[in-house]
Amino acid sequence: MTDDTSKHGPEAANDEAETAAVSPENNEAGAQAAEADPAALLQAENTELRDKYLRLAAEMDNLRRRTERDVKDAKSYAIAGFARDMLGVSDNLRRGLEAVPAEALEAGEAGLKALIEGVEMIERSMLAALERHGVRKLEPMGEKFDPHFHQAMFEVPNTEVPNGTVVQVIQDGYTIGERVLRPAMVGVSKGGPKAPANGGDNPEQG
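What counts, and at which threshold
- Residues numbered from 1 in each chain as written.
- Predicted model: local features only at pLDDT ≥ 70, side-chain atom pairs only at ≥ 80, totals over all residues.
- Heavy atoms only, no water.
- Helix = DSSP H or I, 4+ residues; strand = E, 2+ residues; numbered from the N terminus.
- Buried < 20%, exposed > 50% of the residue type's maximum accessible area, 1.4 Å probe, protein only.
- Contact = heavy atoms within 4.5 Å.
- Areas by Shrake-Rupley, 256 points an atom, 1.4 Å probe, with all protein chains shown as cover.
- Salt bridge = Lys/Arg side-chain N within 4 Å of Asp/Glu carboxyl O.
- Pairing = 2+ DSSP bridges.
- Axes fitted to C-alpha atoms, helices over the stretch in contact; angles between N-to-C directions.
- Expected span 1.5 Å × (residues − 1).
- Core = buried A, V, L, I, M, F, W, Y, C linked by side-chain atoms within 4.5 Å.
- 1 Å grid on protein atoms, 1.4 Å probe; cavity = no way out; pocket = protein on both sides within 12 Å on 5 of 7 lines; lining within 4 Å.
- Points joined across faces, edges and corners; volume = space filled by probe spheres on them.
- Phe/Tyr/Trp six-rings, centres within 6.5 Å; stacked < 30°, edge-to-face > 60°.
- Lys NZ or Arg CZ within 6 Å of the ring centre and 35° of its normal.
- Parallel < 35°, antiparallel > 145°, perpendicular 65-115°, else oblique.
- Left-handed = near helix turned anticlockwise from the far one by under 90°.
- Nonpolar A, V, L, I, M, F, W, Y, C, P; charged D, E, K, R; others polar.

A. Region of interest: the overall build of the chain. Summing up its helical and strand segments, the chain has seven helices and six strands in all. Written out in order from the N terminus, the α and β elements of the chain read α-α-α-α-α-α-α-β-β-β-β-β-β. By the burial criterion, 18% of the 206 residues in the chain qualify as buried. For the chain, contacts bridging at least 24 residues in sequence account for 70% of all contacts bridging at least 6. For the chain, the computed accessible surface area is about 15000 Å², with 55% contributed by carbon and sulfur atoms.

Quick look at the structure:
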């Protein structure tokens, strides 16, 4: 009985300790510790940081381009409203000149002649100032009607020019930069031959 007790005492405790050391839970923990390679972790972290940097760089580049475009547009089109109002003043100057009776012009009165020349000079100076700021006059006469640049006011029967040709300009049109500031009001031909398919490009469109 003493032999059995000595056999199943300390020896039994050692056997249990060895069994616990090789249990599945300890094997799994050891495998995880082996897999947690510091070099692999650093590589993964480096890849993640590099992806974040590339995304941030792309976003910053897009923001820079949008800002440059917005600044350019602001410079080009900031005076659009003012320019449109000035065109109205120019129209009134032109109407005033056209309202002078032909008889008075033929009589050549010195005072009237000087007044007309002064008004014409003001008109030219105003349009030149607008042109320096990117405002350009459209020249649609003889071109194919383009709804992006022209506003058709009426049709003119004409069999001598291709159908849809601008044959009369009622009010001048203008662009500012690449945008239409004011479309030209025009009369369009009707009844002529069909316009060529490639004949719609207008020189004022650049």
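B. Highlighting the environment of V180. Counting through the fold element by element, V180 comes out in strand β5 (residues 179-182). Judged by relative accessible area, V180 falls into the partly exposed class, the value being 31%. C-alpha separation for the pair V180 and R136, spaced 44 residues apart in sequence, amounts to 9.5 Å. In this structure, V180 is in contact with H148, F149, Y174 and T175, ignoring residues within four places of it in sequence.

C. Summary view of the pattern of salt bridges. All chains considered together, the criterion is met by eight salt bridges. Between E68 and R64 there is a salt bridge, with its nearest N and O atoms 3.1 Å apart. Note that E68 and R64 are positioned in helix α4 (residues 38-77) at a spacing of four residues, about one turn of the helix. It is possible to trace a salt-bridge network through shared partners that takes in D61, R64, R65 and E68.

D. Local environment of the sheet that holds β5. Strand order in the open sheet formed by three strands is β1-β4-β5, with antiparallel pairing between adjacent strands. Among the strands making up the open sheet, the edge pair consists of β1 (135-137) and β5. Each neighbouring strand pair of the sheet contributes to a mean axis angle of 35°, computed without reference to strand direction. Note: strand β4 (residues 174-176) against β5, three bridges, orientation antiparallel. Residue I176 lies in a different strand from β5, and its bridge partner there is R179.

E. Looking closely at helix α7 (residues 110-132). Over its 23 residues, α7 runs 33 Å from end to end, which matches the ideal 33 Å to within 8%, given 1.5 Å per residue. Along α7, the positions that sit buried rather than exposed are I116, V119, E123, M126 and L130. Looking at the packing, one finds that the buried side of α7 touches α5 (80-98), α6 (102-107) and β1. With its phi angle positive at about 95°, G134 sits one or two positions after the end of α7.

F. Quick look at the nonpolar core. Ranked by size, the top nonpolar core spans nine residues in total: Y77, A80, A83, L87, L130, V135, Y174, I176 and L181. Put simply, the parts of the chain that give this core at least two residues each are α5 and β4. When residues in this core are grouped by element, the largest group, three residues, is from α5.

G. Up close: the layout of surface pockets. Each pocket or cavity is described by its volume, and for the largest pocket that value is around 240 Å³. Looking at the largest pocket, it is lined by 13 residues, and the ones nearest its centre are D91, R94, I170, Q171 and D172. At five residues, the largest contribution of residues to the lining of the largest pocket is made by α5.

H. Molecular detail of the packing of aromatic side chains. Overall, the coordinates contain zero aromatic pairs when judged by the stated rule. One Lys or Arg, R179, reaches over the ring of Y77 and ends 3.7 Å from the middle of that ring.

I. Geometry of the packing of α5 against α7. Contact pair α5 / α7: the axes reach a minimum separation of 10 Å and the direction vectors enclose 160°. When the axis of α5 is compared with that of α7, the two are roughly antiparallel. Of the two elements, α5 crosses α7, and the hand of that crossing is left-handed. Together, A83, M86, L87, V89, S90, L93, R94 and L97 of α5 and I116, V119, E120, I122, E123, M126, L127 and L130 of α7 make up the contact between the two elements. Here the residues of the contact of α5 with α7 are counted per class, giving twelve nonpolar, one polar and three charged.

J. Local environment of the sheet that holds strand β6 (residues 184-190). With mixed pairing, three strands are arranged side by side in an open sheet as β2-β6-β3. Two strands bound the open sheet, and with one partner strand each, they are β2 (150-157) and β3 (166-171). Pairs of neighbouring strands in the sheet enclose a mean axial angle of 30°, with direction left out of account.

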